[in-house]
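# Structural overview for review
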Amino acid sequence: MRVVVLSKADGFCKSAQSVVRLHWPDAECADGAVGDQRPACLERAGDILISFLSPWIVTRAELARFRTAINFHPASTDYPGSGCYNFALYDEAPEYGATCHHMLPKVDTGDVILERRFPVKASDSVETLKLATMETMLGMFRDICALLAEGHPLPRADRSWSRKPYTFKEMNALKRLTDDMTPDEIKRRVRATVYPGYDGPYYDRDGVIERLPVPQRAPLA
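A short tour of the structure in this document, coming up.

## Here we look at the environment of Lys 8
In this structure, Lys 8 sits in strand E1 (residues 3-8). With relative accessibility at 38%, the residue Lys 8 sits in the partly exposed group. When near neighbours in sequence (up to four residues on either side) are disregarded, Lys 8 contacts Cys 13, Gln 17, Asp 31, Gly 32, Phe 52, Leu 53 and Pro 55.

Given below as structure tokens:
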């Protein structure tokens, strides 16, 4: 059986790769960052393609080469696309989670296999929400890999995506603060967009940009 895994090169993804190799020692694992060259492992036919925080969007032609292609998305079905942690915190969502779904050429639109949710704490930041999500998603990843390895059919969740995927443009717009925003609006935007090591929220005063300070330590990985 030919199994291919696409992921980022971080600690969470290395844990996922370790799980895969317990079931399929010869699995091909490609990791990288946004903008990296596409991995050659997508050019040949295979049995299972697994995306776990993949930096690459898989094309229609590449998906057609695999019998099963699934993705693990770090958000519940309410938050497809980019900036999922950010929008959940901005919305003050009471719950969040992780989702496993079949892959289609358009990201985060395929049928949902499994979703697991957990409560969002009032004290959560983007960083702590990400950590809780990774713990949930890795647990789901272990369970789904076991099903695939044992030849069991994948479940079908009684949920579907609740909206079209968010975009990077929408996520970046969430960082913009103006003096005419209410204190509550500014507080929600700041909570939703501060993450260590990345540009955070900023004031736009007639085109003059003033960024708020953010922690410069390394983010969770």
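## Focus: the pairing of strand E8 (residues 202-205)
Each regular strand carries side chains that alternate between the two faces of the sheet. Bridge analysis of strand E7 (residues 176-177) against E8 gives two bridges, and the strand direction is parallel. Paired with Leu 177 across the strands is Tyr 203, a residue of E8. For the handedness criterion, the β-α-β arrangement of E7, helix H6 (residues 183-193) and E8 is classed as right-handed. The turn joining E8 and strand E9 (residues 208-211), which pair antiparallel and follow one another in sequence, is formed by two residues; a positive phi near 55° is taken by Asp 206.

## What to know about the packing of helix H1 (residues 11-23) against helix H4 (residues 126-149)
The N-to-C vectors of H1 and H4 enclose an angle of 15°; their axes lie 10 Å apart at closest approach. One finds that H1 runs roughly parallel with respect to H4. The way H1 lies across H4 gives a crossing that is right-handed. Along the contact surface, H1 presents Phe 12, Ser 15, Ala 16, Val 19, Val 20 and His 23, while H4 presents Lys 130, Leu 131, Met 134, Leu 138, Phe 141, Arg 142, Cys 145, Ala 146 and Ala 149. Among the residues making up the contact of H1 with H4, the classes are represented as eleven nonpolar, two polar and two charged.

## Concerning the layout of surface pockets
By rolling a water-sized probe across the atoms, one finds the places where empty space is left. Of the pockets and cavities examined, the largest pocket occupies roughly 1,500 Å³. Contributing to the lining of the largest pocket are 45 residues, with Lys 8, Val 34, Ser 82, Gly 83 and Phe 168 lying nearest its centre. Elements supplying a minimum of two residues to the lining of the largest pocket: strand E4 (66-73), helix H3 (84-90), H4 and helix H5 (168-173). Residues that form the lining of the largest pocket fall into these classes: 26 nonpolar, twelve polar and seven charged.

## Observations regarding the side chain of Glu 62
Relative to the elements of secondary structure, Glu 62 occurs in helix H2 (residues 60-63). For Glu 62, a relative accessible area of 10% puts it in the buried group. Those residues in contact with Glu 62 that sit more than four places away from it in its chain are Arg 38, Leu 42 and Ile 57.

## What to know about the sheet that holds E9
Spatially, three strands are ordered E7-E8-E9 in an open sheet, and the strand pairing comes out mixed. Both outer strands of the open sheet, E7 and E9, are each paired with one neighbouring strand and no more.

## Section: H6
Taken together, the buried positions of H6 are Glu 185, Ile 186, Arg 188, Arg 189, Ala 192 and Thr 193. Considered in projection along H6, the buried side chains sweep an arc of 165° and stay on one side of the axis. Projecting away from the buried face of H6 at angles above 90 degrees are the exposed residues Pro 183 and Lys 187. Where the residues of H6 are buried, they touch H3, H4, H5, E7 and E8.

Conventions adopted
- Sequence order as written defines the numbering, with residues in each chain counted from 1.
- Local features in this predicted model are restricted to residues whose pLDDT is 70 or higher, and side-chain atom pairs enter the listing and the counts only when it is 80 or higher, whereas totals over whole chains, interfaces and linings include all residues.
- Remark: hydrogens and water are excluded; side-chain values derive from all non-hydrogen atoms of the structure.
- Secondary structure elements are taken from DSSP: a helix is a run of H or I of four residues or more, a strand is a run of E of two residues or more, and numbering for both begins at the N terminus.
- When a residue's accessible area, from a 1.4 Å probe over protein chains only, is under 20% of the maximum for its type it is buried; when over 50% it is exposed; and in between it is partly exposed.
- Two residues qualify as a contact provided that any one of their heavy atoms is within 4.5 Å of a heavy atom in the partner residue.
- Note on pairing: DSSP must find at least two bridges between two strands before they are called paired.
- A clockwise path from the first strand over the helix to the second, with the strands pointing away from the viewer, defines a right-handed crossover.
- Every axis in this analysis is a line fitted to C-alpha atoms, fitted for helices over the stretch in contact. Angles between the N-to-C directions lie between 0 and 180 degrees.
- Should an angle fall under 35 degrees it is taken as roughly parallel, and over 145 as roughly antiparallel, whereas 65 to 115 is taken as roughly perpendicular and any remaining angle as oblique.
- The sense of a crossing depends on the near helix, which, turned anticlockwise from the far helix by less than a right angle, makes the crossing left-handed and, turned clockwise, makes it right-handed.
- Only Asp, Glu, Lys and Arg are considered charged in this grouping, and only Ala, Val, Leu, Ile, Met, Phe, Trp, Tyr, Cys and Pro are considered nonpolar; every other residue, Gly among them, is considered polar.
- For each structure, a 1 Å grid was placed over the protein atoms alone; sets of points admitting a 1.4 Å probe that cannot get out are labelled cavities, open sets with protein on both sides within 12 Å along at least five of seven lines are labelled pockets, and lining residues have an atom within 4 Å of a point.
- Grid points are joined across faces, edges and corners, and a volume is the space filled by probe spheres set on the points.
- Arc definition: directions from the helix axis to the C-beta atoms.

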